[in-house]
Amino acid sequence: MASVSLREIYKKYSGGVIAVSDFNIEIQDKEFIILVGPSGCGKSTTLRMIAGLEEISEGELYIGDRLVNDVAPKDRDIAMVFQNYALYPHMTVFDNMAFGLKLRKVPKDEIARKVEEAARILDISHLLDRKPKALSGGQRQRVALGRAIVRNPQVFLLDEPLSNLDAKLRAQMRTEIAKLHQKLGTTFIYVTHDQTEAMTMGDRIVVMKDGYIQQIDTPTNLYQNPVNQFVAGFIGSPQMNFIDAVLRKNGDKYTVEFGKEGTRGEEGITYSIDVPASKVIDDEILYPLIDQEVVLGVRPECIHDEPAFLAQATTGVVEADVEVTEMMGAETYLYLDCAGIPLTARVSPRTTARTGDTIKVALDPNRIHIFDKETEKSVLN
């Protein structure tokens, strides 16, 4: 087992295209790290540099204590699981899993033992004589994982391994991979664009955008304390609501105001929400933004329509038109229009709100976020 260290890693292509910039991370032994971000953010390129499939333009990559920049992929003691499984169609499951060991001239009895043990862990022992075309997508994914397991590598690299599976199977395989990580006690580096996978599986998550690391943190901290608007919007489903607003200060109290300016023959609408004193940790950060435009962030689950919450709310109560309702079973999504501002609320399935209704909702002041409008950096979480 091994730690992985990426130090000031860059990937530059001909023509001046920079895919990855100044990538720094220390991955601990046995850690489950997730690289997440939109398409083209550099996460798969980073994984391929760790695997040795892409050359590192600048920087140093260590696996354990060994500098591996110039080490061939086969000598890095890593195993990679690809999005498309990459199984040999003419070979049985057993032969697919054994192939890498045969190339290394491992004795036949040891190959059989390792393949059977991996098959038992993945519950595919009954499939060893079948060929890939006779397997379902989930079974093929298990075979691809099994082929990696038998090599007993120091590091597992997984490049969007679940993206070809249907939603139900994807959820099941998320659990299976998390269990597998605990069972094997190996370092896992996992690439995905699905923030649900990232939040449910990773010890730490690396959020990337345009080749740069935006934030490295635990799932809980990413969700509760995003460093900027991009991370706040990327993590969480449905995504955080962003509202253009103005920060005010009345005495010792900060207030965020938002709404719609009046037009000819129509009055403007202004709503406000008080910032709890307990959230103002550093007054020097907010003070320069007084009377300036900011972005108010509110997660859908922090917008409430329950009568009990509304009755106790002393700030942040707004009126909104219900444009669409989505019944999700355990919850309902309300898509609202509040003075021209689109809002999404995640509420109880017992809600009485229906499309076309005008309702009151309350924004939870203890769960708001404020971002600098120009820099998009978080100023209050």
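Residues numbered from 1 in each chain as written. Predicted model: local features only at pLDDT ≥ 70, side-chain atom pairs only at ≥ 80, totals over all residues. Heavy atoms only, no water.

Undergrad: Which parts of the structure should I look at to understand the nonpolar core?
TA: The biggest cluster of nonpolar side chains holds 48 residues, and the ones touching the most others in it are Ile 34, Met 97, Leu 145, Leu 158, Ile 177, Tyr 190 and Val 207. Top contributing element to this core by residue count: helix α3 (residues 108-122), with six residues. Residue contacts for Ile 34: discarding those within four places in its chain leaves Tyr 190, Thr 192, Glu 197, Ala 198, Met 201, Gly 202, Arg 204, Ile 205 and Val 206. Counting 36 residues, the second-largest nonpolar core is a separate cluster that includes Leu 289, Ile 290, Leu 296 and Val 318. (Core = buried A, V, L, I, M, F, W, Y, C linked by side-chain atoms within 4.5 Å. Buried < 20%, exposed > 50% of the residue type's maximum accessible area, 1.4 Å probe, protein only. Helix = DSSP H or I, 4+ residues; strand = E, 2+ residues; numbered from the N terminus. Contact = heavy atoms within 4.5 Å.)

Undergrad: Could you clarify how one ought to interpret the packing of aromatic side chains in this entry?
TA: Note on aromatic pairs: each is described by the distance of the centres and the angle between the planes. On inspection of all chains with the given rule, the structure shows seven aromatic pairs. Here Phe 156 and Phe 188 contribute two aromatic rings whose centre-to-centre distance is 4.8 Å and whose plane-to-plane angle is 35 degrees, an arrangement assigned as tilted. Of this pair, Phe 156 sits in strand β7 (residues 155-159) while Phe 188 sits in strand β8 (residues 187-192), and the two are 32 residues apart along the sequence. Judged by its relative accessible area of 0%, Phe 188 is buried. Relative to Phe 371, the ring of Phe 242 lies with its centre 5.8 Å away and its plane at 75 degrees, an arrangement referred to as edge-to-face. Of this pair, Phe 242 sits in strand β11 (residues 241-250) while Phe 371 sits in strand β20 (residues 369-372); the two residues are 129 residues apart in sequence, bridging distant segments of the chain. For Phe 242, a relative accessible area of 24% puts it in the partly exposed group. Judged by its relative accessible area of 0%, Phe 371 is buried. Through successive ring pairs, a cluster of aromatic residues spans Phe 32, Phe 156, Phe 188 and Tyr 190. Sitting over the ring of Tyr 10, Lys 12 keeps its end group 5.4 Å from the ring centre. Stacked on the ring of Tyr 223, the Lys or Arg Arg 299 has its end atom at 4.1 Å from the ring centre. (Phe/Tyr/Trp six-rings, centres within 6.5 Å; stacked < 30°, edge-to-face > 60°. Lys NZ or Arg CZ within 6 Å of the ring centre and 35° of its normal.)

Undergrad: What should I look at first to understand the packing of helix α2 (residues 93-103) against helix α4 (residues 137-149) in this one?
TA: Packed helices, taken two at a time, are described by their axes: the angle between them and the distance between them. At their nearest, the axes of α2 and α4 sit 7 Å apart, and the two run at 30 degrees to each other. Classified by the angle their axes make, α2 and α4 are roughly parallel. Here α2 runs over α4; the crossing is right-handed. Touching Val 93, Asn 96 and Met 97 of α2 are Val 143, Gly 146 and Arg 147, all from α4. Grouping the constituent residues of the contact of α2 with α4 by class yields three nonpolar, two polar and one charged. (Axes fitted to C-alpha atoms, helices over the stretch in contact; angles between N-to-C directions. Parallel < 35°, antiparallel > 145°, perpendicular 65-115°, else oblique. Left-handed = near helix turned anticlockwise from the far one by under 90°. Nonpolar A, V, L, I, M, F, W, Y, C, P; charged D, E, K, R; others polar.)

Undergrad: Any chance you could explain the pairing of β11 here in plain terms?
TA: Regular strands show a simple pattern: their side chains alternate between the two faces of the sheet. With six bridges joining them, β11 and strand β14 (residues 293-298) adopt antiparallel strand pairing. Residue Asn 241 lies in a different strand from β14, and its bridge partner there is Val 298. With five bridges joining them, β11 and strand β12 (residues 253-260) adopt antiparallel strand pairing. Counted as the bridge partner of Arg 248 is Thr 255 from β12. If you look at the hairpin formed by β11 and β12, you'll find two residues sitting between the two strands, and Gly 251 has a positive phi there, around 65 degrees. (Pairing = 2+ DSSP bridges.)

Undergrad: Before we go on, may I ask you to explain the pattern of salt bridges in this structure?
TA: Pairing between side chains of opposite charge can happen when their charged atoms approach one another. Tallied over the entire structure, the rule returns 15 salt bridges. Between Glu 54 and Arg 48 there is a salt bridge, with the nearest N and O atoms lying 3.7 Å from each other. The residue Lys 373 makes a salt bridge to Asp 244 at a minimum N-O spacing of 2.9 Å. Of this pair, Lys 373 sits in the loop between β20 and β21 (378-380) while Asp 244 sits in strand β11; the two residues are 129 residues apart in sequence, bridging distant segments of the chain. With relative accessibility at 53%, the residue Asp 244 sits in the exposed group. (Salt bridge = Lys/Arg side-chain N within 4 Å of Asp/Glu carboxyl O.)

Undergrad: Even after reading the chapter, I still don't get the pairing of strand β2 (residues 18-27), so can you show me in this structure?
TA: The sheet contact formed by strand β1 (residues 4-12) and β2 spans six bridges and is antiparallel. Note on β2: the bridge partner recorded for Leu 6 is Ile 25. A loop of five residues connects β1 with β2, the two strands running antiparallel in sequence, and Gly 15 in this loop sits at a positive phi of about 95 degrees.

Undergrad: Help me out: how do you make sense of the sheet that holds strand β17 (residues 332-338) in this one?
TA: The strands that make up a sheet pair up through hydrogen bonds in the backbone, lying either parallel or antiparallel. Here we have five strands laid out as an open sheet, ordered β15-β19-β16-β17-β18, and antiparallel in their pairing. One side of each edge strand has no neighbouring strand; the edge strands of this open sheet are β15 (303-304) and β18 (341-347). When β15 meets strand β19 (residues 358-363), the two strands line up antiparallel, connected through two bridges. Its bridge partner being in β19, His 304 is matched across the sheet by Ala 362.

Undergrad: Is there a simple way to think about the packing of α4 against helix α5 (residues 167-184) in this case?
TA: For the pair α4 and α5, the least separation of the axes is 11 Å and the interaxial angle reads 15 degrees. As summarised for this structure, α4 and α5 are arranged roughly parallel, according to the angle between their axes. Between α4 and α5 the crossing geometry is right-handed. Between α4, through Gly 137, Gly 138, Gln 141, Arg 142, Leu 145 and Ile 149, and α5, the contact on the second element is made entirely by Leu 169, Gln 172, Met 173, Glu 176, Ile 177, Leu 180 and Leu 184. A per-class count over the contact of α4 with α5 returns seven nonpolar, four polar and two charged.

So far we have only geometry, and geometry alone does not tell us how the molecule works.
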